[in-house]
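Overview (structure and organization)
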Amino acid sequence: MSYKNYPMVSRVVFGRGSFNQLDEIISPKRLNVNAPFIFLVDDVFKGNSWLTSRIPLAYGDKVLYISANEEPKTSQVDALVEEIILTTKERPSGIIGIGGGTIMDLAKAVSIMLTNDGESKDYQGWDLVKNPAIYHVGIPTISGTGAEVSRTTVLTGPDKKLGINSDHTPFDQVILDPELTKDVPKAQWFYTGMDCYIHCIESLNGTFLNAFSQSYGEKAFQLCKELFLDNNLTAEEAQDKLMMASWHGGMSIAYSQVGVAHAMSYGLSYVLGTKHGIGNCIVFDHLEEFYPEGVKLFKQMKSKHNIELPQNLCADLSDEEFDTMIQVALNLEPLWENAIGKNWKKVITPEKLKELYQNM
Ligand code: NAD
Ligand code: ZN
């Protein structure tokens, strides 16, 4: 047995208002005046001076506003890298992602592709990245995905939705400023928050579970119950705690895996473009047989916060679309092995998945 030796985020700041320290944090990392910092910022913040006036710009530094309406694509990463190469005198000093999982994943992927040849689709998989990425910083503005702490960046490519999982993927620096999440709309808060909750359930009920994953998973699970069920926290406390729940949930899956909801939601996303947070909720709602207790609590959380999930998403799918969806889900073998065990193929057949998808 050989154990994995994982890198982690090397530096992290936590605190309300810590975003104000961005300049002092990144300045020492400037390579020279021709090597700018590139800020990838969720375009929801365009024109929002409360946030953007605090982005420190000097020399040729640039802000690129990016929509999070669609999840990151390999073609989008390649286009951004091309644009950066063409418009900067030298390789940038760093990439700073300010936004949710979508923007943070783009920042990670762009920082990798600036030092590695070819196209980003060539690196979807496990440990395919050869050269270290350039300095990259993650600044979450919505909590739950764990993308701020993870070793992957999830991309939709021409033939699969799969992460670039590598030792070069994790951020060199993360700034956790819970205040940045104060204006997240309620439904989105729930969907992205449930990503964290589902990470806990899938990790804690997986066959890969070990004391490392369990310790983080239990903490995140406890925080999620406090946040989404007990509901007696101030807004500030809730923002602080959800940011730490996301971190712990992400750490929990680092040394294990996610499970059925994630595998099936990748299928939904690939065929229908359903986004990660809401897609996980739609799937998880139908997974009593795999996660009875977890789904029961989820339904309580959903009703407590008056969340209505879309129904009959798969009602009009063609047979080909079902096949693609099922194939994308089945390809995520480590997720199924974690969820069901080594003999998962006996239980999880294409027919079984079709039956489940037909209810969604
Ligand atoms: P997101 O980044 O897609 O953002 C969701 C919505 O919230 C967007 O409309 C965005 O504009 C808005 N938003 C973000 N911050 C806001 C703020 N402070 N105020 C108002 N609106 C705000 O959402 P997400 O759920 O964080 O990320 C989903 C993505 O993360 C998916 O692409 C998924 O694949 C990826 N993901 C990655 C990992 C990983 O480990 N790398 C893990 C889980 C999910
Ligand atoms: Zn997730």
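The following refers to the structure shown. Each residue is numbered by its place in its chain's sequence as written, counting from 1. Chain A is the first chain written and ligand 1 is the first ligand written, with later ones labelled in order. With the structure being a predicted model, the display of local features is reserved for residues of pLDDT at least 70 and the display and counting of side-chain atom pairs for 80 or more, all residues being used for whole-chain, interface and lining totals. Values shown for side chains rest on all heavy atoms present in the structure; no hydrogens or waters enter the calculation.

What follows concerns the pattern of salt bridges. Salt bridges are counted wherever a side-chain nitrogen of Lys or Arg sits within 4 Å of a carboxyl oxygen of Asp or Glu. Counted under the stated rule, the structure contains 17 salt bridges. A salt bridge links E333 to K345; the shortest N-O distance between them is 3.5 Å. Of this pair, E333 sits in helix 12 (residues 333–340) while K345 sits in helix 13 (residues 344–347); the two residues are twelve residues apart in sequence, bridging distant segments of the chain. Where salt bridges share partners, they join D285, E288, K299 and K302 into one cluster. Helix and strand assignments come from DSSP, with helices taken as H or I runs of at least 4 residues and strands as E runs of at least 2, each series counted from the N terminus.

Moving on: the sheet that holds strand 2 (residues 37–42). Pairing is parallel in the open sheet, where six strands are placed in the order 1-9-6-4-2-3. Both edges of this open sheet fall to strand 1 (11–14) and strand 3 (62–66), since each of them pairs with a single strand only. Put simply, the sheet's adjacent strands are angled 15° from each other on average, direction ignored. Here the rule is simple: two strands pair whenever DSSP picks up at least two bridges between them. Here five bridges tie strand 4 (residues 94–99) to strand 6 (residues 136–140), and the two strands are oriented parallel to one another. Of the residues in strand 6, the one forming a bridge with I98 is I139. To get an axis, a line is fitted to the C-alpha atoms, and for a helix only the part in contact is used. The angle between two axes follows their N-to-C directions and goes from 0 to 180 degrees.

As a further point, take the side chain of E148. Checked against the element boundaries, E148 lands in the loop between strand 6 and strand 7 (154–156). Here the term buried applies to any residue with accessible area under 20% of the maximum for its type, exposed to any over 50%, and partly exposed to those in between, with areas from a 1.4 Å probe on protein chains only. Counted as positive: Lys and Arg. Counted as negative: Asp and Glu, with His and the chain ends omitted from the count. Buried E148, no salt bridge; nearest opposite-charge side chain is K108, N-O distance 7.5 Å. In protein, a polar contact means a hydrogen-donor-capable atom and an acceptor-capable atom, both N or O and within 3.5 Å, with residues adjacent in sequence counting only if both atoms are side-chain atoms; elsewhere, any N or O pair within 3.5 Å suffices. At a separation of 2.6 Å, a polar atom in the side chain of E148 contacts the side chain of S246. We call two residues in contact whenever any of their non-hydrogen atoms come within 4.5 Å of each other. Beyond its immediate chain neighbours, meaning those up to four positions away, E148 contacts V9, M104, P140, F171, V174, L176, M243, S246 and W247.

What follows concerns the packing of helix 8 (residues 260–272) against helix 12. For the pair helix 8 and helix 12, interaxial distance at closest approach is 8 Å and the crossing angle is 150°. Between helix 8 and helix 12, the angle is such that the two are roughly antiparallel. Crossing of helix 8 against helix 12: the hand is left-handed. Between helix 8 and helix 12, the contacting residues are V260, H262, A263 and M264 on the first element and L335, W336, A339 and I340 on the second. Polarity classes work like this: nonpolar for Ala, Val, Leu, Ile, Met, Phe, Trp, Tyr, Cys and Pro, charged for Asp, Glu, Lys and Arg, and polar for all others, with Gly in that last group. Considering only residue class, the contact of helix 8 with helix 12 consists of seven nonpolar, one polar and no charged. When an angle is under 35 degrees it counts as roughly parallel; over 145 it counts as roughly antiparallel; between 65 and 115 it counts as roughly perpendicular; any other value is oblique. Left-handed describes a crossing whose near helix is turned anticlockwise from the far helix by less than a right angle; the clockwise case is right-handed.

Our focus in this paragraph is the coordination of the zinc ion (ligand 2). Surrounding the zinc ion (ligand 2) are the protein donor atoms D195 (OD), H199 (NE2), H262 (NE2) and H276 (NE2), at 2.1 to 2.2 Å. Note: metal donors comprise N, O and S atoms at 2.8 Å or less from the metal (3.2 Å for Na, K and Ca); water molecules are not included, so apparent gaps in a site are possible. Summarised as a motif, the one-chain spacing of the donors to the zinc ion (ligand 2) is D-x3-H-x62-H-x13-H. One end of the pair, D195, is in helix 5 (residues 186–204); the other, H276, is in helix 9 (residues 276–284), with 81 residues separating them in the sequence.

With that out of the way, let us pick up helix 5. Expected helix span is computed as 1.5 Å times (number of residues minus one). Between its terminal C-alpha atoms helix 5 stretches 27 Å, which fits the 27 Å expected from 19 residues at 1.5 Å a residue. With respect to burial, helix 5 is a largely interior element, 14 of its 19 residues being buried.

Turning next to the site of ligand 1. Here, proximity means that at least one heavy atom of the residue falls within 4 Å of the molecule or strand. Close contacts around ligand 1 come from 27 residues, with D42, T102, S150, T192 and K275 the closest. Contacts to ligand 1 include T102, whose side-chain N or O atom sits 2.6 Å from an oxygen atom. S150 is positioned with one of its side-chain polar atoms (N or O) 2.5 Å from an oxygen atom of ligand 1. Contact with the protein chains covers 92% of the free accessible surface of ligand 1, which is 870 Å². For the shell around ligand 1, the secondary structure elements donating two or more residues are helix 4 (101–113) and helix 5. The biggest single contributor to the shell around ligand 1 is helix 4, with four residues. The class makeup of the residues in the shell around ligand 1 is ten nonpolar, ten polar and seven charged. To be clear on the numbers: accessible area is Shrake-Rupley with a 1.4 Å probe, and residue cover counts the displayed protein chains and nothing else.

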